[in-house]
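Here are the chains, one letter per residue:
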Amino acid sequence: MPPTQAEIDTADAAARAWTWPYPGDLPIGTDRHRDAACQMFRDTFNPYKPSVIEWPKLEPDALQRLVGLPIWDIAVTTEDKARARMMAYSQSVEDPIWRHAIGRNGWEEGRHREVLSDLVSSYGIPLAAEQPDVLPTDPEWGYLVTGYSECIDSFFAFGLFELARRSGFFPEALVETFEPVIQEEARHILLFANWLAWHRKRLGLWQRIRFEWRVARTWMFLVQERIGLAHDLDGGRAASPDNNFTLTGSKAVSDMEISPLGLMAICLSENDRRFAGYDPRLLRPVTTPALARLAVRIGRLLRMV
């Protein structure tokens with residue numbers, strides 16, 4: 001039996017706002033910090049089922065714009081890859097609470113793939129044949145690449161999604177139908193940011209040095225990936241140009257003229273809004289928003305000269 005609209009609304013609201021019910025700080029690296037982050041992830045789970053999503057009927061021009069987005073192949077592949085890599089890492093995690101939370105995150109990535117598969121099927125969007133993914137031999141490396149990549153892509157996706165909503169380039173019904181999936185990405189990177197801080201804090205000196213080198217290597221790989229230079233550093237193929245859609249796709253989701261700085265400003269505003277409902281004691285992803293804020297400030301200063 002499909003859920004009622006009231007049940008859908010209740011689940012959606014619960015997925016956007018959560019507070020750890022105990023007073024006091026959440027010292028990074030403590031059991032209390034871990035418990036709060038993982039309970040957030042459990043309590044904000046949205047039980048929607050891809051099989052009951054009713055994709056709205058689109059007018060021919062809107063359908064053509066949707067079909068023409070150059071993202072569908074990479075989007076489906078990315079969600080499938082994220083599922084596999086999160087599942088693989090969760091199985092290597094000794095802490096049972098983190099293992100369950102990261103495993104659930106992997107399951108939700110698989111559900112995103114189902115949603116996208118159902119969307120492209122419903123609207124007759126052709127996909128290229130999928131290439132089999134090769135899991136990295138190091139599960140932690142695979143998880144770091146996936147987690148940081150989601151932090152970057154989600155930040156820009158928040159802004160592009162809002163730009164699409166404002167412009168009316170796509171029907172409101174389609175935007176609203178896809179909204180829970182976008183909010184779910186905020187939960188995913190919130191969990192990753194808190195795992196990252198918790199994990200760092202628990203490492204000894206030499207382990208920490210090794211881990212920070214691995215993090216730096218992850219960022220180098222992701223920068224190379226987005227300029228098309230990464231090949232098989234993580235066991236995969238060369239990056240697709242579509243990996244850059246979240247950085248360059250404003251014209252594909254809107255007919256409004258907007259500068260890169262204007263888009264970044266929307267991304268920053270949306271990033272803050274999507275995290276606003278979660279307990280402020282939980283850590284947020286910081287690197288991509290910080291770089292975007294710096295870019296916006298420098299751009300504004302240069303315009304004043």
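None of these values were measured; they are calculated from a predicted model. (Residues numbered from 1 in each chain as written. Predicted model: local features only at pLDDT ≥ 70, side-chain atom pairs only at ≥ 80, totals over all residues. Heavy atoms only, no water.)

### Comments concerning the pattern of salt bridges
The following threshold applies: Any carboxyl oxygen of Asp or Glu within 4 Å of a side-chain nitrogen of Lys or Arg constitutes a salt bridge here. In this text, helices come from DSSP runs of H or I with a minimum length of four residues, and strands from runs of E with a minimum of two, each type numbered from the N-terminal end. Exposure classes here rest on a 1.4 Å probe applied to the protein chains alone. A residue is buried below 20% of its type maximum, exposed above 50%, and partly exposed in between.
Under the defined criterion, the tally for this structure stands at 23 salt bridges. R187 is the salt-bridge partner of E108, the closest N and O atoms lying 2.8 Å from each other. Of this pair, E108 sits in helix α5 (residues 96–122) while R187 sits in helix α7 (residues 172–201), and the two are 79 residues apart along the sequence. R187 shares its class with E108; the two are buried. Ionic pairing is found between E212 and R200, a salt bridge with its closest N-O pair at 2.6 Å. Of this pair, E212 sits in helix α8 (residues 205–226) while R200 sits in helix α7, and the two are 12 residues apart along the sequence. The class of E212 is partly exposed, set by a relative accessible area of 25%.

### Concerning helix α6 (residues 139–167)
Heads up, the condition is: To estimate the expected span of a helix, subtract one from its residue number and multiply by 1.5 Å. Think of a polar contact as two N or O atoms within 3.5 Å of one another; within protein, one of them needs to be a possible hydrogen donor and the other a possible acceptor, and neighboring residues in sequence only count if both atoms come from side chains.
Over its 29 residues, α6 extends 41 Å from the first C-alpha to the last, a length consistent with the 42 Å expected when each residue adds 1.5 Å. Burial runs high along α6: 24 of the 29 residues are buried. For α6, the side-chain oxygen to backbone nitrogen distance between the N-cap and E140 is 3.0 Å, and the N-cap itself is D138.

### Quick look at the confidence of the model for the protein chain
Under the convention used in this document: For every residue, the pLDDT score states the predictor's confidence, bounded by 0 at the bottom and 100 at the top. Here a residue-residue contact requires only that any non-hydrogen atoms of the pair lie within 4.5 Å.
Summing up the model confidence of the protein chain, the mean pLDDT is 88 and the portion of residues at 70 or higher is 89%. Mean pLDDT per element in the protein chain: helix α9 (residues 245–248) is the minimum at 54, and helix α2 (residues 31–43) is the maximum at 98. In this model, residues 229–242 is a region of pLDDT below 50 whose contacts with residues beyond four sequence positions or in other chains number 25 contacts.

### Looking at empty space enclosed by the protein
Which entries qualify depends on this criterion: Lining residues are defined by having an atom within 4 Å of a point belonging to a cavity or pocket. Those points lie on a 1 Å grid over the protein atoms alone, cavities being sets where a 1.4 Å probe fits but cannot get out and pockets being open sets with protein on both sides within 12 Å along at least five of seven lines. Grid points are joined across faces, edges and corners, and a volume is the space filled by probe spheres set on the points. Residue polarity follows a fixed list, in which Ala, Val, Leu, Ile, Met, Phe, Trp, Tyr, Cys and Pro are nonpolar, Asp, Glu, Lys and Arg are charged, and the others, Gly among them, are polar.
Within this structure, the stated rule accounts for 1 cavity of 30 Å³ or more. Of the voids in this model, the largest cavity is the one considered here, and its volume is about 50 Å³. Around the largest cavity sit D12, A15, N46, Y48, P180, Q183, E184 and R187, which together line it. At 4 residues, the largest contribution of residues to the lining of the largest cavity is made by α7. Class assignment of the residues belonging to the lining of the largest cavity gives a composition of 3 nonpolar, 2 polar and 3 charged.

### Section: α5
Under the 1.5 Å per step criterion, the end-to-end length of α5 is 39 Å for 27 residues, consistent within 8% with the ideal 39 Å. The backbone nitrogen of I97 lies 2.9 Å from a side-chain oxygen of the residue at the head of α5, namely D95. Positive phi shows up at G124, right after α5, with a value of about 65°.

### A look at the packing of aromatic side chains
Formally: Centre distance within 6.5 Å is the pairing criterion for rings of Phe, Tyr and Trp, where only the six-membered ring of Trp is used; planes under 30 degrees apart are then read as stacked, over 60 as edge-to-face, and the remainder as tilted.
Per the stated rule, a full pass over the model turns up 17 aromatic pairs. Taken together, a centroid distance of 6.3 Å and an interplanar angle of 40° make the contact between W55 and F178 tilted. Here F178 lies in helix α7 and W55 lies in the loop between α2 and α3 (60–68), a separation of 123 residues in the sequence. Given the relative accessible area of 13%, W55 is considered buried. F178 sits in the buried class, given a relative accessible area of 17%. Ring plane angle 65° and centroid distance 6.1 Å describe the contact between W141 and F221, whose orientation is recorded as edge-to-face.

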